[in-house]
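Descriptive analysis of the structure
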4 protein chains.
Amino acid sequence: MLEELKRRVYEANMMLPKYQLVTFTWGNASEIDSATGLVAIKPSGVPYDELSPEKMVLIDLQGNVVEGEYKPSSDMPTHIVLYKAFPEIGGIVHTHSPYATSWAQAGKSIPCYGTTHADYIYGEVPCVRNLTKNEIDEDYETNTGNVIVEEFRRFQKDVLSVPAVLCKNHGPFTWGKSSAEAVHNSVVLEECAKMAYRTELINPGVKEAPQELIEKHYMRKHGANAYYGQ
Amino acid sequence: MLEELKRRVYEANMMLPKYQLVTFTWGNASEIDSATGLVAIKPSGVPYDELSPEKMVLIDLQGNVVEGEYKPSSDMPTHIVLYKAFPEIGGIVHTHSPYATSWAQAGKSIPCYGTTHADYIYGEVPCVRNLTKNEIDEDYETNTGNVIVEEFRRFQKDVLSVPAVLCKNHGPFTWGKSSAEAVHNSVVLEECAKMAYRTELINPGVKEAPQELIEKHYMRKHGANAYYGQ
Amino acid sequence: MLEELKRRVYEANMMLPKYQLVTFTWGNASEIDSATGLVAIKPSGVPYDELSPEKMVLIDLQGNVVEGEYKPSSDMPTHIVLYKAFPEIGGIVHTHSPYATSWAQAGKSIPCYGTTHADYIYGEVPCVRNLTKNEIDEDYETNTGNVIVEEFRRFQKDVLSVPAVLCKNHGPFTWGKSSAEAVHNSVVLEECAKMAYRTELINPGVKEAPQELIEKHYMRKHGANAYYGQ
Amino acid sequence: MLEELKRRVYEANMMLPKYQLVTFTWGNASEIDSATGLVAIKPSGVPYDELSPEKMVLIDLQGNVVEGEYKPSSDMPTHIVLYKAFPEIGGIVHTHSPYATSWAQAGKSIPCYGTTHADYIYGEVPCVRNLTKNEIDEDYETNTGNVIVEEFRRFQKDVLSVPAVLCKNHGPFTWGKSSAEAVHNSVVLEECAKMAYRTELINPGVKEAPQELIEKHYMRKHGANAYYGQ
């Protein structure tokens, strides 16, 4: 079933080690088929060099395995919460990419210090709150998704304008219209996290980029008047 | 037309990922043909591994496409301003190379801390001011070039002695007598930005290199009495 | 003798340069055969690209060479002390991996700042005390092991829950049920050391991850109710 | 002449980009033939991938080219001063390797924080004083060597026990009994410079490693009672 979807999700997963975003099996990518509502996702704990399109696991939005010999990623419930809450999301990626994870461990949102960030992410990448002990004990992965949704709604953030989040003491999730776009945003996030880290060490009193510059760069690449690319 | 120029610009562009100065399509190189005043430049948003010499776009100094199937780099107007203001410049490169961009985001000029820097760049690499909201809204890329020109004139800096600039909250531009030399200066800049960053972390009270040492090293490689190389 | 053991230890050693944990010959891996109590270990000072399974040295737990043309790693007595004190350890790795060694040189234990760490290591990675002059002069490598054992017993740490240690002003040792698992833990340690370093630079006042999150992640991958992987 | 010497010097030079110690042509290695007093050295400004054993330049200790089509490295006079002052040195390397150069730019000696350093370098790597304007103007490269010699004599440092130096605002020189050993010491220096940098950022109040540990590790690898290796 959905061979094309599984192939795309396989390829998105293989991009993660290629872009040096994962060590061992510390990441996963998924994509939803809008027609059927089924999601293809990486199997749990399988090394990247043993993956193939057929090993991708198909699940429905209740988390049931519809097709596949393997157990899905243990982060699968987080993916499901995000797909359900934000129908505009087509693909999701989770990694422990080292710079973004360092910001998550520091418990700090990543400010928008320049146009590299503004080209793809509108404003800061939020670091959401820790889960409570109850949230962790009861349904950890589902509640990880719930906290992301809660924070995006509270701050009225648009998920396609801010396609990345940091889970405190854990690591990043990114998303996009497809799994390929979610991977792209993971690479962008890691690059921005790296440069924001160095920016603050070079100038501890640094301020965010001016709002008009953020606006300009985001709009060069997004919206009706975008003029970047072909 | 100008096949040799397009080949050189193609090769200069391909050096950018080779030297790890660009992620995705975040960079561009151009070169001007002094006889015709035409400029070959990378097409906008085309991945590096899909480039070929024929895909380079030829433009005139009014920004009109003279030859090519693709739209030129969105930073093209900045290149044009620099070629017009400084006829001694033959090639220009823009990247978001991570260390130089971190300095640009920090809003700080890169001091000359040693001979690696002094061998190629005479004195600090200036970080120019932010554009005003008007400058951004009216003609962002042209005004990016205008601000660079304004600052170089204000500080009476010679563009071939200081072949690099940081645009605040954005990233670096470098240049040289050819696109190959502009790429070379991008590599030098990134290396100097990296070492200056670490130099300040090792010794927060560090001073610039002594003027006589800067002078000596710059003159070993430049001017009538240069004696480096064959 | 024990060809399979020597092959596994050879492969574990070859993983160390592959994961960029060693420069030159600065590392060694060993594994114990539980049936015979014999240990296969890297020969001292032999470059990795000259290794082969046959060059692994077989030693007994008194440190006598039982088979092999080469002298064993000079750190062999440390390995022996650990195998004797902790029968649950099957493999040991020592490296000078740069981030973990920087923490060891700084004389600081690595706090658990997030789930990457908690997934594999329960609580901080301890930095044990310096050896006294007497301990160094009398039997340096044996006493290196003795100090590790002393500190793990004093803090009642379980070696399989905390499969890594920092020797002050020296570098890390890691272990596991096999040499392969010890290598895996060396990679994990280096990654956690890197992210902890950046975490503290991003937020100098950062606190350890909440206990309930550490608990949850460790138990996702370990113990009776583990549910990560296939 | 001296084909074997030129081959060894060629190979030493080629190790510099392999170990990522040089960008472009920013480095050079030489070795002296003790029988003839002739030195083989890299030609000035020739890219590494265009080098061959025949392109090495043979010079005498007065700095005259004895054989070779190319001009020798512009740092040749520094090499000569060191060979003349310290007959126990057989090979010399100069690079702008980024971590060691950052310490040189910061004007700080690299303290011995651990055994990685102590295994090869006895005590701190000294950062020598800046040259005066006169020293720079009169004979820069020769005086660079003179200042190194002056400082090693003043501190009664043995050049084979401390086979590395930082020239302030410039970069490192290393040496050894052969050009291969000098390259080895360049790699060691860069690794120690990197870890010392991180060590100080992790623990700003850190102290040098205890003297007895330094002594022990240096003596494990050097002197009559060395027992590391085969």
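Thresholds, definitions, all that
- Residues numbered from 1 in each chain as written.
- Chains lettered and ligands numbered in written order.
- Predicted model: local features only at pLDDT ≥ 70, side-chain atom pairs only at ≥ 80, totals over all residues.
- Heavy atoms only, no water.
- Helix = DSSP H or I, 4+ residues; strand = E, 2+ residues; numbered from the N terminus.
- Contact = heavy atoms within 4.5 Å.
- Buried < 20%, exposed > 50% of the residue type's maximum accessible area, 1.4 Å probe, protein only.
- Least-squares fit on C-alpha atoms with pLDDT ≥ 70 in both.
- Buried area = accessible area lost by both parts, 1.4 Å probe.
- Salt bridge = Lys/Arg side-chain N within 4 Å of Asp/Glu carboxyl O.
- Polar contact = N/O pair within 3.5 Å; in protein donor to acceptor, adjacent residues only side chain to side chain.
- Nonpolar A, V, L, I, M, F, W, Y, C, P; charged D, E, K, R; others polar.
- Core = buried A, V, L, I, M, F, W, Y, C linked by side-chain atoms within 4.5 Å.
- Pairing = 2+ DSSP bridges.
- Axes fitted to C-alpha atoms, helices over the stretch in contact; angles between N-to-C directions.
- UniProt positions renumbered as here; feature names shortened; annotations may be inferred.
- Parallel < 35°, antiparallel > 145°, perpendicular 65-115°, else oblique.

Residue and element names in this part refer to chain B. Turning to its location among the elements, V183 is positioned in helix α6 (residues 179-202). With 169 residues separating them in the primary sequence, V183 and M14 have C-alpha atoms 9.8 Å apart. Each residue touching V183, except ones within four places of it in the same chain, is listed here: A12, M15, L16 and V93.

Residue and element names in this part refer to chain C. One non-glycine residue, F24, lies in positive phi territory at about 45 degrees. Relative to the elements of secondary structure, F24 occurs in the loop between α1 (3-18) and β1 (27-33). On the basis of relative accessibility, which here comes to 21%, the residue F24 falls in the partly exposed class. Even without glycine at this site, Q156 takes up a positive phi of about 50 degrees. Counting through the fold element by element, Q156 comes out in the loop between α5 (133-154) and β7 (164-167).

It is worth spelling out the relation of the copies chain A and chain B at this point. Placing chain A over chain B gives an RMSD of 0.0 Å and needs a rotation angle of 90 degrees, together with 0.0 Å of translation along the axis. The operation mapping one copy onto its partner corresponds to a four-fold rotation axis. Among all residues of chain A, the one whose C-alpha sits closest to the rotation axis is L201 of chain A, at a distance of 5.6 Å. The fraction of interface residues of chain A whose copies in chain B are also interface residues is only 6%, indicating that the copies meet through different surfaces.

With that settled, the discussion passes to the environment of P72 of chain B. Residue and element names in this part refer to chain B. Residue position: P72 is located in the loop between β4 (65-67) and α2 (76-85). When the C-alpha atoms of P72 and N203 are compared, they prove to be 44 Å apart, with 131 residues separating the residues in sequence. Among residues more than four places away in sequence, those in contact with P72 are I41, K42, P43, S44, V57, I59 and V65.

The next subject is the interface of chain C and chain A. At the interface, 33 residues of chain C touch 32 residues of chain A. By the criterion of area lost to chain A, the three top residues of chain C are R198, I202 and Q230 of chain C, representing 23% of everything that side buries. Put simply, R220 of chain C and E141 of chain A hold a salt bridge, and the shortest N to O gap is 2.6 Å. Connecting chain C to chain A are 19 residue pairs in polar contact (both at pLDDT 80 or more). Counting residues per element, the side of chain C that touches chain A draws most heavily on helix α6 (residues 179-202) of chain C, at 12 residues. The residue inventory of the side of chain C that touches chain A, partitioned by class, reads 16 nonpolar, nine polar and eight charged.

Among the nonpolar cores identified, the biggest contains 209 residues, and W175 of chain A, W175 of chain B, W175 of chain C together with W175 of chain D are the most heavily contacted of them. Formed by 18 residues, the second largest nonpolar core is a distinct cluster that contains L21, A29, A40 and Y48 of chain B.

Further remarks concern helix α3 (residues 98-106) of chain C. All names here are of chain C. Counting buried positions along α3 gives nine out of nine residues, so the element sits mostly inside the fold. Considered for burial, the residues of α3 that qualify are P98, Y99, A100, T101, S102, W103, A104, Q105 and A106. Following α3 by one or two positions, G107 adopts a phi angle in the positive range, close to 70 degrees.

Turning next to the sheet that holds strand β8 (residues 171-176) of chain C. Residues and elements named next belong to chain C. If you walk across this open sheet you meet the eight strands as β4-β3-β2-β1-β5-β8-β7-β6, and the pairing is mixed. Both edges of this open sheet fall to β4 (65-67) and β6 (127-128), since each of them pairs with a single strand only. As defined by bridge partners, strand β2 (residues 38-41) adjoins strand β3 (residues 57-59) across three bridges and the pair is classed as antiparallel. Looking across to β3, one finds that A40 is bridged to L58. Each of β1, β2, β3, β4 and β5 (91-95) is contacted by α1, which is oriented at about 155 degrees to β1, the strand it contacts most. The sheet contacts of helix α2 (residues 76-85) involve β1, β2, β3, β5 and β8, and relative to β1 the element is tilted by about 40 degrees.

Turning our attention to the environment of K194 of chain D. Among the secondary structure elements, K194 of chain D is positioned in helix α6 (residues 179-202). On a C-alpha basis, the gap between K194 of chain D and W103 of chain D in space is 9.4 Å, while along the polypeptide they are 91 residues apart. The residues contacting K194 of chain D, other than those within four sequence positions of it, are P98 of chain C together with Y99 of chain D.

Moving on to the arrangement of the chains. Without any contact between them, chain B and chain C keep their closest C-alpha atoms 11 Å apart. When C-alpha atoms are compared, chain A and chain D, though not in contact, are closest at a spacing of 11 Å.

Further remarks concern the sheet that holds strand β3 (residues 57-59) of chain B. Within a beta sheet, neighbouring strands are joined by backbone hydrogen bonds and run either parallel or antiparallel to one another. Residues and elements named next belong to chain B. Taken in spatial order, the eight strands make up an open sheet running β4-β3-β2-β1-β5-β8-β7-β6, and their pairing is mixed. Only two strands of the sheet have a single neighbouring strand rather than two, namely β4 and β6 (127-128). Sheet topology note: the β3/β4 ladder contains two bridges and is antiparallel. Pairing of L58 across the sheet is with E67, part of β4. With respect to the sheet, α6 is in contact with β1 (27-33), β5 (91-95), β7 (164-167) and β8 (171-176), its orientation differing from that of β8 by roughly 135 degrees.

Three or more residues of helix α7 (residues 211-221) of chain D are buried, namely L213, I214, K216, H217, Y218, R220 and K221 of chain D. Where α7 of chain D is buried, its residues contact α5 of chain C together with α4 (115-118) of chain D. Just downstream of α7 of chain D lies G223 of chain D, where phi reads positive at about 85 degrees.

Taking the UniProt record as the reference, the feature "domain: Class II aldolase/adducin N-terminal" (unreviewed entry) is found at residues 7-197 of chain A. The annotated region residues 7-197 of chain A carries 40% helix and 18% strand content, and the separation between its end C-alpha atoms amounts to 35 Å.

All names here are of chain A. Interaxial distance between helix α1 (residues 3-18) and helix α6 (residues 179-202) falls to 9 Å at its minimum, and their mutual angle equals 10 degrees. Classified by the interaxial angle, the pair formed by α1 and α6 is roughly parallel. The segment α1 lies against α6, with R8, V9, A12, M15 and L16 engaging S179, A180 and V183. Taken together, the residues that form the contact of α1 with α6 break down as six nonpolar, one polar and one charged.

Before going further, it helps to spend a moment on the interface of chain A and chain B. Often, the extent of an interface is quoted as the loss of accessible area upon association of its parts. Contact residues are listed per partner, giving 33 residues for chain A and 32 residues for chain B. Of all residues in chain A, R198, I202 and Q230 of chain A give up the largest surface area on contact with chain B, accounting jointly for 23% of the area buried on that side. Applying the counting rule to chain A against chain B returns two salt bridges. In this structure, the connection of chain A to chain B is made through 19 residue pairs in polar contact (both at pLDDT 80 or more).

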